[in-house]
Amino acid sequence: MALHPQAAALLESMAQAGRPPLRQQTVAEARRGAYAFVELFGPPEDVARVEHWFIPGPSADLPLRVYWPDSAVGEAAPVLVYFHGSGFVISNIGIFDAPSRALANRTGCVVVAVNYQKAPEHKFPEPFDDAYAATCWVSEHAAELGVDPARLAVVGDSAGGTLAAAVCLKARDEAGPGITSQVLVHAPMQFGVETESMIANARGLLLEAEDMTWFADHYLATESDATHPYAAPMSAESLAGLPPALVATAEYDPLRDDGDAYAHRLRRDGVPVTYVCYTGMIHAFYGMSRRLDAAEDLFERMSAHVWSHFPTAESNRTGQAATDVKGHLSDEVER
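Cut-offs used in this document
Residues numbered from 1 in each chain as written. Predicted model: local features only at pLDDT ≥ 70, side-chain atom pairs only at ≥ 80, totals over all residues. Heavy atoms only, no water. Buried < 20%, exposed > 50% of the residue type's maximum accessible area, 1.4 Å probe, protein only. Helix = DSSP H or I, 4+ residues; strand = E, 2+ residues; numbered from the N terminus. Right-handed = clockwise from strand over helix to strand, strands pointing away. Pairing = 2+ DSSP bridges. Salt bridge = Lys/Arg side-chain N within 4 Å of Asp/Glu carboxyl O. 1 Å grid on protein atoms, 1.4 Å probe; cavity = no way out; pocket = protein on both sides within 12 Å on 5 of 7 lines; lining within 4 Å. Points joined across faces, edges and corners; volume = space filled by probe spheres on them. Nonpolar A, V, L, I, M, F, W, Y, C, P; charged D, E, K, R; others polar.

Trainee: Hey, could you go over the pairing of strand β6 (residues 182-185) for me, with residue numbers and the actual values?
Mentor: One face of the sheet, then the other: side chains in a regular strand alternate in exactly this way. Burial along β6 is two-sided: the face carrying Gln182 and Leu184 and the face carrying Val183 and Val185 are both buried. In terms of handedness, the path from strand β5 (residues 147-157) via helix α7 (residues 159-173) over to β6 forms a crossover that is right-handed. With four bridges connecting them, β6 and strand β7 (residues 245-252) associate as parallel partners. Across the sheet, residue Leu184 finds its bridge partner in β7, namely Val247.

Spelled out as structure tokens, the structure:
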């Protein structure tokens, strides 16, 4: 399918801003530029309440932003631990405020957005250690948050998806917090692998192939980090025993084949997985529901996925979530 008209219009509006390619920017310039996503995400929706927490992390206190939808007030609600996209280098929970609110409202779950530390000041494994520590904290302090630790899922987009996948690996490896499911959206799962999608979508589609080298150079502390399973989940010897996964990719994304390959690995190792490739879409479409219909569709799929794997799935608050999903898909496979 050709590039979706909505995605093409989005790319045109971004091109008119005239910013240089990411690889030609300093870290400070790239971080300032990331605030353009606030406008792309659109106005933030109302939620019942938002609270800011600071929790002890392995090397620093970590900011959390906790979102309660109306349906989750006054009960031990399900909880989603959310890791935002960043390339491990840029962005923060403030930039992703609107998508976090939408995620809470669409799923009916409390959303805990984690502001993990960023490279190059904090290289691997620090961002991952923060993500894992935050997930453990949410599980262990569920009563303080008013959430149900038996209904905890992890969600991440882009680099946040890598962190979410790695958190599931360590939770399995160390008998850590119980995670009912994982949602991985256009996430890099390996470093330095020239896939077909990396070649075909190398330039002009928001995320460029050379940008991944820029991110990796800032994030990875040593050469061996590129194949550490908690940095590159595709490097894990086995994916058996991981939580059921929803893996979503975009057709015109250099990282499309990473998601496809990871979904196949999960299936091979006996993990239930749904793989969805959004036709005509580009990297970072997650959260842009005011500009891209596919982003709203993805929220509905995410809701259906997490609720279907909660222990009380039969009480799904959004009974329509599993049935009211619209098109935009080139492939959806229940694995």
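Having seen the structure, we can now continue with the description.
Trainee: Please set out the pattern of salt bridges residue by residue, giving values where relevant.
Mentor: One side chain can pair with another of opposite charge once the charged atoms of both are near each other. Under the definition given, this model contains 18 salt bridges. A salt bridge links Glu45 to Arg106, with the nearest nitrogen and oxygen atoms 2.7 Å apart. In this pair, Glu45 sits in the loop between α3 (36-41) and β1 (49-56) while Arg106 sits in helix α4 (residues 97-107), placing the two residues 61 residues apart along the sequence. The partner of Arg203 in a salt bridge is Glu208, with the nearest N and O atoms 3.9 Å apart. Several salt bridges share partner residues, and in doing so they unite Arg23, Arg203, Glu208, Glu210 and Asp211 into one network.

Trainee: If you had to explain the pairing of β7 to someone new, which residues and values would you point to?
Mentor: In terms of burial, β7 is a largely internal element, seven of the eight residues being buried. As paired strands, β7 and strand β8 (residues 273-282) are joined by seven bridges and run parallel to one another. Note that in β8 the partner of Ala248 across the bridge is Val276. With helix α10 (residues 256-268) bridging β7 and its parallel neighbour β8, the resulting β-α-β unit is right-handed.

Trainee: Which residues make up unusual backbone geometry, and what values do they have?
Mentor: A cis amide bond, omega 5°, links Ala119 with the succeeding residue Pro120. Look at the link from Phe124 to Pro125: it is a cis peptide, with omega at 15°. Here Pro125 is to be found in the loop between β4 (110-114) and α5 (126-140). You will see that Ser91, though not glycine, has its phi angle at about 80°, which is positive. Of note, Ser91 is situated in the loop between β3 (77-83) and α4. Even without being a glycine, His186 presents a positive backbone phi close to 30°. Structurally, the position occupied by His186 is in the loop between β6 and α8 (196-200). His186 sits in the buried class, given a relative accessible area of 1%.

Trainee: Give a description of empty space enclosed by the protein that names residues and reports values.
Mentor: Applying the stated criterion to the full structure yields one cavity of 30 Å³ or more. Approximately 50 Å³ is the volume attributed to the largest cavity. If you go around the largest cavity, the residues you meet are Phe41, Gly42, Pro43, Glu45, Ala98, Pro99, Ala102, Gly287, Ser289 and Arg290. Counting residues per element, the lining of the largest cavity draws most heavily on α4, at three residues. Looking at side-chain class alone, the lining of the largest cavity contains five nonpolar, three polar and two charged residues.

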